[in-house]
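Descriptive structure summary
Now for the letters of each chain:
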Amino acid sequence: MTAHTADAAKMQRRGASGLDEVAWVARLDEIGRGHGFCTRIGTDHLALFVQEGDTLVVTFDSAARVFAEEQDGLPPGFEAVRRHEWSLLSILSLGDPWFRSADLAGLFDRLGDEGFFDSFETVIFLGFGAANGHAACVFSAAAPGSSVLASAPVATLDPARAGFDRRFPAGRRLPFGRYGDAPSLLASARAAVILHDPTDPVTGAHAAQFRGPGVTLAPLRFAGPAPHRLIAAGGLLVPILRALAQGRLTRARLARMIRPVRRADAAYLWRLARIAQAQGKPARARLVAEYAADVTGEARFVELAARLSHGPA
């Protein structure tokens with residue numbers, strides 16, 4: 001291996017923050033030691049706790065994703081610590097993407113029994129994506145009266161109720177135990193907002209299983225299987241969490257907040273144009289492509305609009 005390829009290999013092991021894995025973990029540990037704790041939960045999870053204000057955000061994510069994608073190298077919800085001095089408990093999965101380990105379940109049992117969550121005025125559980133959203137829903141049961149924000153969560157992997165979902169064959173073999181049925185475990189939550197795309201068959205079918213007086217289904221049509229991408233693109237996470245903490249995050253309010261982001265989001269606009277084509281509406285597809293070309297400047301929209309101007313694609 002030449003010096004150049006050796007340097008390239010080192011760079012590949014650096015995350016979005018520019019830190020390598022050792023330095024990244026050391027930074028989380030330093031934050032934890034200075035403001036709360038940072039500790040391993042068994043072999044499969046890492047917990048970072050930052051104690052600040054009387055609002056606590058409990059987040060679930062993959063350590064690999066945070067390391068690879070977050071520019072500041074910090075887990076979701078940390079911005080609320082900076083901007084509003086909220087507290088944060090971040091659970092990062094290392095080898096257990098479904099947050100199934102007995103050690104983790106024991107942690108939440110212990111925190112609930114010891115009154116940890118009762119020491120905060122407001123508790124919000126947050127999870128974006130199938131596994132992270134599922135975890136936010138199920139572990140909220142450890143803090144009755146909490147609020148939940150989940151995007152495209154899996155309701156359950158029980159084949160009897162989720163036989164339509166073939167995405168996670170390995171997950172079906174995991175022992176989900178009592179922290180496994182997300183819709184039923186949300187019964188003790190004060191409020192839960194479930195983002196989903198009703199035009200996406202699989203995530204829409206999971207979302208339909210969440211019901212109850214405190215559950216708000218927030219449909220984002222044509223947003224795709226990861227509607228939370230729009231929240232990240234618009235920098236909307238903290239305003240949405242603030243509205244949820246204040247009990248003001250209605251379906252209509254969320255739609256208003258996200259609407260400007262959708263109108264400028266290339267992936268969303270591309271999906272709209274392609275759907276219009278598939279429905280046999282070339283004129284509508286052309287209008288979307290022309291609008292998107294102006295807003296995003298992406299060549300694919302310019303090319304699509306040109307093709308549609310000369311006849312069916």
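The notes below deal with the structure included here. (Residues numbered from 1 in each chain as written. Predicted model: local features only at pLDDT ≥ 70, side-chain atom pairs only at ≥ 80, totals over all residues. Heavy atoms only, no water.)

As enumerated under the stated definition, the model contains 16 aromatic pairs in all. Here the aromatic rings of phenylalanine 60 and phenylalanine 139 are separated by 5.7 Å at their centres, their planes lie at 15 degrees, and the arrangement is stacked. Remark: phenylalanine 139 occurs in helix α6 (residues 130-139) and phenylalanine 60 occurs in strand β3 (residues 55-62); sequence separation between them is 79 residues. The exposure classification of phenylalanine 60 matches that of phenylalanine 139, with both residues buried. Members of the aromatic cluster, joined through ring pairs, are Phe37, Phe49, Phe60, Phe99, Phe108, Phe116, Phe117, Phe120, Phe125, Phe139 and Tyr179. (Phe/Tyr/Trp six-rings, centres within 6.5 Å; stacked < 30°, edge-to-face > 60°. Helix = DSSP H or I, 4+ residues; strand = E, 2+ residues; numbered from the N terminus. Buried < 20%, exposed > 50% of the residue type's maximum accessible area, 1.4 Å probe, protein only.)

Further remarks concern helix α11 (residues 237-245). The buried count for α11 comes to 7 of 9 residues, which makes it a mostly enclosed element. Restricting attention to buried positions, one finds in α11 the residues Leu237, Val238, Pro239, Ile240, Leu241, Ala243 and Leu244. Directly beyond the C-terminal end of α11, a positive phi value near 75 degrees is found at glycine 247.

On the secondary structure map, threonine 55 appears in strand β3. When near neighbours in sequence (up to four residues on either side) are disregarded, threonine 55 contacts Trp86, Ser87, Phe120 and Thr122. (Contact = heavy atoms within 4.5 Å.)

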